[in-house]
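# Observations on chain architecture
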Amino acid sequence: MSIVKRNDPPELEYSGPLKTELTLALPGGGAQSPKPRGKRGFSDLNLENNSEDEASVVTQSSPPEGEVVGWPPMRSYRKKKMMKCNKFVKVGVDGAPYLRKVDLEMYSDYPELLAAFEEMFTCLSLTICDTLNEKKMMASANGTQFVPTYEDKEGDWMLVGDVPWKMFVESCKRLRLMKLPEAMGLAPKTTS
Amino acid sequence: MAYSFPEEVLEHVFLFLSSDRDRNTFSLVCKSWYQIERWCHRRIFVGNCYAVSPEIVIRRFSELRLVEIKGKPHFADFNLVPEGWGGHIYPWIVAMSEAYPFLEEIKLKRMVVTDESLELISKSFKNFKALVLSSCEGFTTDGLASIAANCRLVIAKMKFPFQLLRIGRFPKWKVFWDVVPAYLPAMYSVCSGITSLNLSYATTQNSDLVKLVLDYIEDIGLEALATSCKDLQELRVFLSDPFGVEANVSLTEQGLVSISEGCPKLHSVLCFYRQITNAALIAIAKNQPNFIIFRLCIIEPRAPDYLTLEPLDTSFGAIMENCTQLRCLSLNGLLTNRVFKYIGTHAKKLEMLSIAFAGDSDLGLHHVLSGCGSLRKLEIRDCPFGDEALLANAAKLETMRSLWMSTCSISFGACKMLARKMQRLNIEVIDDRGPPESRPENCPVERVYIYCTVADRRVDMPDFVWTMDEEDSSSLRYS
């Protein structure tokens, strides 16, 4: 939609020790598409009218809207929130009268999630407890132990904590804190 | 002067000087005023941690009680500064721990603060009262715990969502949060030990509302605000779904116009819009000549007036003309060099300017650098500004705190030339593609960060930052 005349850009080609990209500078746009560390760079090329510059070459296909680095200029927590990355899953605890729901996108690792459980099920006075083999466990005020488990996309009940956090968020459908009576002997021994 | 007031009297007078500018001016009058001023100087603000070294500060000011330091450039907030660039507070803490045993307050913004630094703070200053960390990174609750353990009373103001940092129990702390409303319920449950909570957000019912941050709002909401909140001074409106194709939220520029009509005390605005018209902006400019901060972000880069399809030059020009007190401006949308001409002509009090995806050529940058007399911070991304304007206005750069340019057309050769011309500037080339010498001189750099400094060259640069050396016209890195 731009109706403004722009200067003709110089064609740029450069080689160096690192991998480089052949690009054409865009009329009026940035001279090249930089690749910021770890993030997808995005040259101005695909912001222009498609009909204008047939010769424009990008080494990668146009990223979808929203992938310009650092644009719109808002902090990442806000951007994330606005991209509506919600993942609400049910959380049940054996013996609790009702279930709760958590938004897994609100947390960035397992300890944060367990901390949230602590605060959510105050009726049971749950606390995180460390165990000898470092599985994440929880215990209630009267000493009953709970193991966090989750149902994955295939319908299996898995122990929380084995896979990387993001993989867990992606595959988790619901959570359950399972009571493990000592008699069953399944729970790892705790230090008293 | 042949005779003057006794030093004690002058010192007493100087105590009433709170503005740094006034103190700087007074210290230039004569040697004895310089000496008196530095002895009674208690609070210091360092806008760029690399503009001066801790040693230089300590040499001049030996009795500080409050130190405020800023690190990374503003664009770091939007991931434009690669991680690891710098802004480490540790060397400052080490130096200050010896020099200022009575230090009471430290305020840091956009700095890397390690647990080690926090521990050193907690052990070094017996009268320590307040720690303010805005947009800082690098620490964990362990570091905060050591502050809590060793300091009697600390007020910590942390401006980022709490979930990035697990808060334990800090019974003696007053914690101030700048959070968005959605996080509140979770936050209350976690911070059970906090004694008081001050939140800079409010509901729309409050007629004493002075500052308002809104995440989800429509025109109706803004209109209601306009009628009820006559004292509103600061407004931030964020778009609920900036990437959505359908704008199903009826938030248009009309809401902002209503606010500008209804809230006479409004002086600071930060808004995100999907689209806007010249007419609306002109109306806003006419309604609100008192704007000090005007930051408008139109989500689509280079979006024109959506009704007329014209550039937004005239309306931003109207803002320039009417808002004579404007100090801080963000520009984007479809803008030609004309808007920069308006800015250079009218924006005499402008101190901070942020430009994105705008302009046609070097002339635009030239208008800004040659016209804006009060300019201190300029940050530019994705604009067709090149060497000519930069080199022609090299002297201007020494009157500013800093200039950031990324994805523009500044060549490596120009960076070297600038370094040769201007001894008091640090020219940092920040490039992920390896040493700038490995490419032709006319090759544009990915990012350049130019700032005034009296300190020596940085010694903490990562491997993607090069400082232009003025002597042997090569780029240097100290490991």
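Located above this text is the structure these notes cover.
Residues numbered from 1 in each chain as written. Chains lettered and ligands numbered in written order. Predicted model: local features only at pLDDT ≥ 70, side-chain atom pairs only at ≥ 80, totals over all residues. Heavy atoms only, no water.

## Comments concerning the overall build of chain B
The number of helices and strands found in chain B is 17 helices and 19 strands. Buried positions account for 57% of the 479 residues belonging to chain B. Here the analysis covers contacts within chain B between residues at least 6 apart in sequence; of these, 64% occur between residues at least 24 apart. (Helix = DSSP H or I, 4+ residues; strand = E, 2+ residues; numbered from the N terminus. Buried < 20%, exposed > 50% of the residue type's maximum accessible area, 1.4 Å probe, protein only. Contact = heavy atoms within 4.5 Å.)

## Focus: the packing of helix α5 (residues 90-99) of chain B against helix α6 (residues 115-124) of chain B
All names here are of chain B. In contact at an axis separation of 9 Å, α5 and α6 are set at 15° when each is read in the N-to-C sense. Classified by the angle between their axes, α5 and α6 sit roughly parallel to one another. With respect to the hand of their crossing, α5 and α6 are arranged in left-handed fashion. Judged by residue contacts, Y90, I93, V94 and S97 of α5 engage E116, S117, L120, I121 and S124 from α6. A class-by-class count of the residues in the contact of α5 with α6 yields five nonpolar, three polar and one charged. (Axes fitted to C-alpha atoms, helices over the stretch in contact; angles between N-to-C directions. Parallel < 35°, antiparallel > 145°, perpendicular 65-115°, else oblique. Left-handed = near helix turned anticlockwise from the far one by under 90°. Nonpolar A, V, L, I, M, F, W, Y, C, P; charged D, E, K, R; others polar.)

## Description of unusual backbone geometry
In this structure, the amide linkage connecting W71 of chain A to the following residue, P72 of chain A, adopts the cis form with an omega of -10°. Considering the arrangement of structural elements, one finds P72 of chain A in the loop between β2 (23-24) and α1 (76-82). Its identity as a non-glycine residue notwithstanding, T407 of chain B has a phi of 50°, on the positive side. Here T407 of chain B shows up in the loop between β15 (402-406) and α17 (412-421). A residue is classified by how much of its surface remains accessible, and T407 of chain B, at 9% relative accessible area, is buried.

## Brief notes about helix α10 (residues 253-262) of chain B
Residues and elements named next belong to chain B. When you tally the buried positions in α10, you get eight out of 10 residues, the bulk of the element. Residues of α10 that are buried: E253, G255, L256, V257, S258, I259, S260 and G262. Its buried side turned inward, α10 meets α9 (219-228), β9 (234-237), β10 (268-273) and α11 (278-287).

## Overview of the packing of helix α12 (residues 313-322) of chain B against helix α13 (residues 337-346) of chain B
What describes two packed helices is the angle between their axes and the distance between those same axes. Residues and elements named next belong to chain B. Relative to each other, α12 and α13 sit at 5°, their axes nearing to 9 Å. Between α12 and α13, the angle is such that the two are roughly parallel. Contacts between α12 and α13 involve D313, T314, F316, G317, M320 and E321 from the first element and R338, V339, Y342, I343 and H346 from the second. Of the residues in the contact of α12 with α13, the class split is five nonpolar, three polar and three charged.

## A look at the pairing of strand β3 (residues 88-93) of chain A
Residues and elements named next belong to chain A. Bridging between β3 and strand β4 (residues 100-103) involves four bridges; their strand directions are antiparallel. Residue K90 lies in a different strand from β4, and its bridge partner there is K101. Following β3, the chain reverses through six residues before pairing antiparallel with β4; G95 in that reversal takes a positive phi of roughly 100°. Pairing between β3 and strand β9 (residues 174-179): four bridges, direction parallel. Note that in β9 the partner of V91 across the bridge is L175. (Pairing = 2+ DSSP bridges.)

## Looking at the environment of P311 of chain B
Residues and elements named next belong to chain B. Checked against the element boundaries, P311 lands in the loop between β11 (293-298) and α12. Look at P311 and you get buried, because its relative accessible area is 12%. Each C-alpha atom of the pair P311 and S122 lies 54 Å from the other, and the pair is 189 residues apart in sequence.

## Regarding helix α2 (residues 110-120) of chain A
All names here are of chain A. Counting buried positions along α2 gives eight out of 11 residues, so the element sits mostly inside the fold. Regarding α2, the residues found buried are Y110, E112, L113, L114, A116, F117, E118 and M120. Near the N-terminus of α2, the side chain that reaches the backbone nitrogen of E112, with its oxygen 3.0 Å away, is that of D109. (Polar contact = N/O pair within 3.5 Å; in protein donor to acceptor, adjacent residues only side chain to side chain.)

## Digging into the nonpolar core
All names here are of chain B. In terms of nonpolar packing, the biggest core is built from 77 residues, with F294 and L378 touching the most fellow members. Residue contributions to this core peak at five residues, all from α17. The residues contacting F294, other than those within four sequence positions of it, are V269, L281, I284, F316, I319, L326, C328, L329 and S330. (Core = buried A, V, L, I, M, F, W, Y, C linked by side-chain atoms within 4.5 Å.)

## Considering the side chain of R401 of chain B
Residue and element names in this part refer to chain B. Along the chain, R401 turns up in the loop between α16 (394-397) and β15. Here R401 occupies a buried position and makes no salt bridge, while the nearest side chain of opposite charge, E351, is found at 7.4 Å. With residues up to four places along the chain from it excluded, the contact list for R401 reads F45, G47, N48, K70, R376, K377, I450, Y451 and C452. (Lys, Arg positive; Asp, Glu negative; His and termini not counted. Salt bridge = Lys/Arg side-chain N within 4 Å of Asp/Glu carboxyl O.)

## Some points on a nonpolar patch on the surface
All names here are of chain B. Taken together, the side chains of F5, V9 and V13 present a nonpolar region at the surface, about 270 Å² in accessible area. In this fold, F5 is placed in the segment before α1 (7-14). Residue F5 is classed as exposed on the basis of its relative accessible area, which comes to 58%. (Patch = residues over 30% accessible without salt bridge, like charges linked within 9 Å, V, L, I, M, F, W, Y side chains within 5 Å. Areas by Shrake-Rupley, 256 points an atom, 1.4 Å probe, with all protein chains shown as cover.)

## Comments concerning the pattern of salt bridges
Residue and element names in this part refer to chain B. Going through the model one piece at a time under the given rule, you end up with 20 salt bridges over all chains. Between K72 and E137 there is a salt bridge, and its shortest N-O distance comes to 2.4 Å. Of the two residues, K72 is situated in the loop between β2 (66-70) and α5 and E137 in the loop between β4 (130-134) and α7 (141-150); the sequence distance between them amounts to 65 residues. The exposure class assigned to E137 is partly exposed, which follows from its relative accessible area of 31%. Between D431 and R439 there is a salt bridge, with the nearest N and O atoms lying 3.4 Å from each other. Residue classification places D431 among the buried positions, given a relative accessible area of 1%.

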